[in-house]
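# Structure at a glance
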Amino acid sequence: MRMHYEPDDDDFEAARDVLVGRLERWAGQVQGSAAVDAFAVAAALDYRHGATVDGRLGLWEPRHVEAFLLDWAPRSVTVLPGEELPEAPEALRLLLRYLDATGLADPRGTALETLLGAVDDAAAGYPRAMADRTRWGLAKFWTTLAAEQGVDLGSPSALARFSERARRGEVPYDEDVLQAIAARHMTEGPPGALRAEPQLPVILPSPETLRAEAGRVTLLGMLQGLAEWAGREGRPVTATGRLKTSDARELAERLGTGDSPPAAVRSVDDLPRLSLVFELAKAARLVRVAKGRLYAVGKAAGDLKDPLALWRRAFSAVFGMRRPLLGAKSGWHAESMLFDAYEDVLPDVLNTLYSLPHPMPWPRLRDSVDHAYRVRFQLDGAAHRMWFDDAHRDLRVVLDLLEELGAVERPVGLADPVYRSLPLPTGTVAPAPGRPAGIAELRAGQAPVPVPDTDEPSDGPVELIRLTALGAWAVRARLLDAGRDAPLVGELAHAPAAGLLGILAEHYDTESARLELDRWVQCHGGPEHAFPLLLDAIRTMPYRTRGQAMLETLTAALPEGEGNRFTLPLRYDPQLAPFAIGVLVSRGLLAPEDLTEVESLVMVAEGMLQFLEVTGPDGFGDAIRAQGADFREALDVALTAPHPDHAAIRDLREVAARLPRTPAARAGRRPGTTARPARGGKPGHARRR
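Each value, and the rule that gives it
- Residues numbered from 1 in each chain as written.
- Predicted model: local features only at pLDDT ≥ 70, side-chain atom pairs only at ≥ 80, totals over all residues.
- Heavy atoms only, no water.
- Phe/Tyr/Trp six-rings, centres within 6.5 Å; stacked < 30°, edge-to-face > 60°.
- Lys NZ or Arg CZ within 6 Å of the ring centre and 35° of its normal.
- Buried < 20%, exposed > 50% of the residue type's maximum accessible area, 1.4 Å probe, protein only.
- Helix = DSSP H or I, 4+ residues; strand = E, 2+ residues; numbered from the N terminus.
- Pairing = 2+ DSSP bridges.
- Contact = heavy atoms within 4.5 Å.
- Patch = residues over 30% accessible without salt bridge, like charges linked within 9 Å, V, L, I, M, F, W, Y side chains within 5 Å.
- Areas by Shrake-Rupley, 256 points an atom, 1.4 Å probe, with all protein chains shown as cover.
- Salt bridge = Lys/Arg side-chain N within 4 Å of Asp/Glu carboxyl O.
- Lys, Arg positive; Asp, Glu negative; His and termini not counted.
- Charge placed at Lys NZ, Arg CZ, Asp CG, Glu CD.

This brings us to the packing of aromatic side chains. Counted under the stated rule, the structure contains 18 aromatic pairs. Through successive ring pairs, a cluster of aromatic residues spans Y47, W60, F68 and W72. Over the aromatic face of W473 sits the side chain of R312, whose NZ or CZ is 5.9 Å from the ring centroid.

Quick look at the pairing of strand β7 (residues 462–467) now. The buried fraction of β7 amounts to five of the six residues, a majority that puts the element mostly inside the structure. Here strand β4 (residues 360–361) pairs with β7 via two bridges, running antiparallel. Paired with M360 across the bridge in β7 is I465. Strand direction decides the pairing type here: strand β5 (residues 408–409) and β7, joined by two bridges, are antiparallel. The partner of V408 across the bridge, within β7, is L467. With two bridges connecting them, strand β6 (residues 412–413) and β7 associate as antiparallel partners. In the sheet register, V412 faces β7, and the bridge partner there is E463.

Okay, the environment of A486 next. Positionally, A486 belongs in the loop between α21 (469–481) and α22 (497–507). Taking the C-alpha atoms as reference points, A486 and P198, 288 residues apart in sequence, are found 7.6 Å from one another. Discounting chain neighbours no more than four positions away, the residues touching A486 are Y354, R476, L479, L480 and E491.

A separate point is a positive patch on the surface. A surface patch of like charges, here positive, comprises R232, R285, R288 and K299. Summarising the element assignment, R285 is placed in the loop between α13 (272–283) and β2 (287–290). On the basis of relative accessibility, which here comes to 47%, the residue R285 falls in the partly exposed class.

Function cannot be read off these values alone, since they describe shape.
Written out as structure tokens, the structure is:
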């Protein structure tokens, strides 16, 4: 049982239905809940899978609870006349408890009790939100309207006639409601979400180390000095909110900006470095202009004393500095695509650099951004070369500031072979050589570093771009704020054993998993105490596919020889033997002919159990029909095997009892019967999808 599926993964619906079925049984046996709104549980999983950027089914936070109950369900879940409102709050409570009880909950999410409290808070507004037609989606609006007007929703011809009447304006409806729905659809989009690319786990220094690194950033000292100079009493500024020339000369010398000597300064424009510090301080809300004076912002006083907090303020401010960095939208900047797409391109660039194992050469970064421009603006690289050149220049302006801030590094060297072996996108253009005039001087006391002018990472030394530790720390915070998955090595040190292995199996590469496991073991009393906890988590995992993945991950995360030695004795463990044999066979330590007769029977059963779990009962039945007698014979063997998971064998036996056995049934549907509902369908619930 995976808890993360790609948006177009056909296995999701089968896995969802298996999970919902298991939850129903668990609710009856453990929670004493006689009735479960299975549709509402499935809807909650649908929301987490298809309407969030990360799609992690097991990770819930209060914002997800509120969004599901008060936004997604009102927009997407249709309640026809005469139908009862789905018991979504209670269904969500059961789902959250079930995930926690079975080890499926992502340990990086919010604690169960806090989540249940969030459900209680949102539940009060749930009926009202479901009844508010302005919250509905367009499809829900027209479907409900058709049903209210007596249209048979099961008749395609009736629906077609209704649609035609609606197009002719013959269907009465509330125009204000439809206008509100359409406006919301235009601004917020459909109730789905564009799935974000996954990020690799990163390793970050301690907060103390990051704070020390921030304290060494020269630009922060200038920001502190500017705020101190402005003070609570304020300093006079010009009518346009700029520094007076005399004050600017004094301030540039006081801050040590490295601008032109005071005697050569005729206006603030002659002090580009000071001007940038001034604009950054305003964007970071360290100073503000009010009534002709420049004041230090009182609420920022605490951050000015904490280098790390001040650094994050400054970094966050860069995302709002399009105009100060790139100039007014006039002249050449009218053609700069980065100016028009700044708020989208800058986060994408930083997210691209985040968690990369090797620095990215400038040509690769440049061409990936160019590709985004072509898609967004429908441009041709050759025909719009000047536009691309201008956008490259602007991107370098932004990178210069990020480098000065200590968020990125740009050494010159050879690109890693992983970049040199990849073909460049077609239609690329050469970057403007060097750095823009007026920005290179931001590197106080240093000569501008020449940037090799090359299109190909394989041509020789090239500019390499990577995030610093500070940059990675800040980008990760932004990713988490956006609801994206950004694993951090060490964050699972105190997670439950099942949560640890589940996350490592789905989201960690082998090396990162090894580091994370080592830290977890150290925090749980060393190998002698930690490994029994891990094995118990695998034993008690009720999902066979997940238990198998957990043991495979644990074995792979151990040093090569140690992993094999750890797993070999588990072949004789009464409960873990099927998992262990599977791992040993996949690693080449056991061959099928090495298995005893009993082990062979057990592994046939294990294969059937895992197959049933992946496909669900409907998919399992499809396999019987497609593969016929051979598959049925293997199933009969599995049902008599001495497999240790008696509950799973009982489920398999129940599914097998409902399968047809006649040749006609294996070849297709039996004559005289109606077609099965589509996978995942439940009578009376399909209309709510």
